[in-house]
Structure formats: structure tokens, C-alpha cells
Amino acid sequence: MRSVPERDAACAIAQAAAVVGDWWSLLLIRETARGHHRFDALQEEIGISRKVLTERLAHLVETGVLEKVPYQDRPVRHEYRLTESGRGLLPVLLSMQDWADRWVFGDGSLTGTADEASAEARRVADLTGERLPRLELPGHRDGTPVDPVAGGAATVLFCYPATGAPSPLPDNWSDIPGTIGCTLENRLFREAYGDFRAAGAEVHGVSTQRPDEQRVFAAQESIPFPLLSDVDLRLAAALRLPTFRAGQLLRLKRAVLVVDRDRVVRHARFPVTDIPAAVTEALALVRRLAEEG
């Protein structure tokens, strides 16, 4: 938390680094995006001393990245939540994650998938048992914010990179491993949608395409379930979902999650190398959840 020298006073990069360039500050933004808002929870998640945590939280509140929200009166206690300014940093965090997955954990190859033993696969596997924080994403029908968790016995969230309608896909899209199959995946979930509903489950497709783009695709393909736009990367940040950059945009890598009515992730499949099998697997799980009540 250093001040910006006069020579860099007009440099936006330097000014941004002065606000969030500190290791602990970045991790605090990561954790609040993941749904950890209280002092003790933040300390436990990132292993920080109480003194340093107090200093960093005060700094992020002072700079408008976080806001203190009271959750208890006697005594007064506060939790820390991202402001609009703070949420604007989520694409920065996801860009850092994407860079590290490709260049630190990976060999630099551009890919829309990953190895079973990769750091990305381990992160997704570790989502099982985690709780999805409260958030909303624009739905394809009219852009109205929608909770990704529908509230039934289970919600299936299938994340996919992008469909080719209505906008053309980036050049050499089909050469990127893991990109092909988004339309097929939507069609397979469409065909099985009645079975998912019969099991008390809802289905939501998620991509980083805009709601208007998703709306055209949904109309063309008669998609009966909501397509949600994670264009602002709120869901990706909350779950640290794997992404890749193509056409100057971050795209979600293909993954399938099953979340129960308590917002707990009960199943997480990544990478998805066999799309029909992933749909069948998700249906079997929601049926089992329905039997459990």
C-alpha cells in the first residue's frame, strides 16, 4: 500500500496498483467474490494475521473497493462486500487466473479444456461441498437478473465457451481444443430437459456471451431453459471457473455442476471430454438427489 510517485501520477496502471497491487488485497477481493465476507472467515481462508487483515480491509474500504455492511447490532459487527468498483475488478482477477493457468501451470498452449490432473481440474473438483454465494446473472429472455440456483431439488449449471449464432466465432476457433460442441451440448440438455424437470431439477446454460446473443441462439434452437450471461464474470470469479481467452474475450471452459437447493455443489465435472456422457451423468445424479428428498 504505497503512494504513487509524482512521475506516475497520470498513469492509471500505477494508480490501480496502488489500490490492489498488494498480494493480500488481491486475495481479499478473491475471497469476497467467493462469498466470504466476515473478518474471521477471511482470516481463515487466506491465512493472514489479524493486524494485516485489519489494515488491508481498511485500505480497500477507504479506496471504495469494499464496503462495510452491519450484520449484527449488539455488539455492532460488520461484514465486507464488494462495491460496484470492486466488482469491476473481477475480470482483472480472472485474467490473472487465466494467465497463470496457461503460462505458470500450463505450457502456454491456448486450450478450452485441461488435463484431468491439471490445477484447473483440481480446483473444479474441490468445488464439491462448497456453497455458491448469492449472485444474479442476466437471463437471455429479457436480460432480467436470474439466480443461477433455481431453488428446486437441484440445478444443473452447464458452462460452455460460445455458440456460433448469431455472431461469428473467432478465427481458428475449431483449432482450439475443447471449443467444439456447444450447440450439441445445448441440444442434448434440451432433449433431456423433460427428464430433468421430472426429477425436480432445473437446467441453466452459462456462457460469457451477451444476453442478446444468447436470445437469438435460444430462439433458433428452441431452448426451453434459461441461458445466463456471465459477461461480467461474477459466477466465474465466485467459483474460480476455468477460462480461456479467444477473440479478445474470456470464455468459460466446458464444465457441468449440480447444485442442490441449499446452494451446495454436489457434483462438478471438468474437463468434459464426452458431452453426452456428462449430460447422462448429471441426470442420474439429480434423480438420486430427488430420491434422497
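Residues numbered from 1 in each chain as written. Predicted model: local features only at pLDDT ≥ 70, side-chain atom pairs only at ≥ 80, totals over all residues. Heavy atoms only, no water.

1. What about the packing of aromatic side chains?
When we look at a pair of aromatic rings, we describe it by the centre distance and by the angle of the planes.
Now for step 1: Going through the model one piece at a time under the given rule, you end up with seven aromatic pairs.
Now for step 2: Where Phe-158 meets Phe-189, the ring centres are 4.3 Å apart and the plane angle is 10°; that geometry is what we call stacked. Here the residue Phe-158 occupies a position in strand 5 (residues 154–159), and Phe-189 occupies one in helix 8 (residues 182–198), the gap between them amounting to 31 residues.
Now for step 3: Judged by its relative accessible area of 0%, Phe-158 falls in the buried class.
Now for step 4: Residue classification places Phe-189 among the buried residues on the basis of a relative accessible area of 0%.
Now for step 5: Following the ring pairs from residue to residue traces out a cluster consisting of Phe-158, Tyr-160, Phe-189, Tyr-193, Phe-196 and Phe-225.
Now for step 6: Stacked on the ring of Tyr-71, the Lys or Arg Arg-38 has its end atom at 3.6 Å from the ring centre. (Phe/Tyr/Trp six-rings, centres within 6.5 Å; stacked < 30°, edge-to-face > 60°. Helix = DSSP H or I, 4+ residues; strand = E, 2+ residues; numbered from the N terminus. Buried < 20%, exposed > 50% of the residue type's maximum accessible area, 1.4 Å probe, protein only. Lys NZ or Arg CZ within 6 Å of the ring centre and 35° of its normal.)

2. Observations regarding the environment of Gly-129
Now for step 1: Secondary-structure assignment places Gly-129 in the loop between helix 7 (119–125) and strand 3 (137–138).
Now for step 2: Separated by 134 residues in sequence, Gly-129 and Arg-263 have C-alpha atoms that sit 9.5 Å apart.
Now for step 3: Residues within four places of Gly-129 in sequence aside, it is in contact with Val-264 and Val-265. (Contact = heavy atoms within 4.5 Å.)

3. Quick word on the layout of surface pockets
Now for step 1: Here the largest pocket defines a volume of roughly 540 Å³.
Now for step 2: Taken together, 15 residues line the largest pocket, and the ones lying closest to its centre are Leu-27, Arg-30, Leu-93, Met-96 and Gln-97.
Now for step 3: With six residues, helix 6 (residues 90–103) is the largest single contributor of residues to the lining of the largest pocket.
Now for step 4: Split by residue class, the lining of the largest pocket holds 10 nonpolar, one polar and four charged.
Now for step 5: For the second largest pocket, the calculated volume is near 340 Å³.
Now for step 6: Every residue lining the second largest pocket is counted, 20 residues in all, and those nearest its centre are Asp-101, Gly-106, Thr-111, Thr-113 and Glu-120.
Now for step 7: When contributions to the lining of the second largest pocket are tallied by element, the ones reaching two or more residues are helix 6, helix 7 and strand 8 (243–246). (1 Å grid on protein atoms, 1.4 Å probe; cavity = no way out; pocket = protein on both sides within 12 Å on 5 of 7 lines; lining within 4 Å. Points joined across faces, edges and corners; volume = space filled by probe spheres on them. Nonpolar A, V, L, I, M, F, W, Y, C, P; charged D, E, K, R; others polar.)

4. Here's the deal with the packing of helix 2 (residues 23–33) against helix 4 (residues 50–62)
Now for step 1: At their nearest, the axes of helix 2 and helix 4 sit 10 Å apart, and the two run at 75° to each other. With respect to their mutual orientation, helix 2 and helix 4 come out roughly perpendicular. Touching Trp-24, Ser-25 and Leu-28 of helix 2 are Val-52, Leu-53, Arg-56, Leu-57, His-59 and Leu-60, all from helix 4.
Now for step 2: When grouped by side-chain class, the residues that make up the contact of helix 2 with helix 4 number six nonpolar, two polar and one charged. (Axes fitted to C-alpha atoms, helices over the stretch in contact; angles between N-to-C directions. Parallel < 35°, antiparallel > 145°, perpendicular 65-115°, else oblique.)

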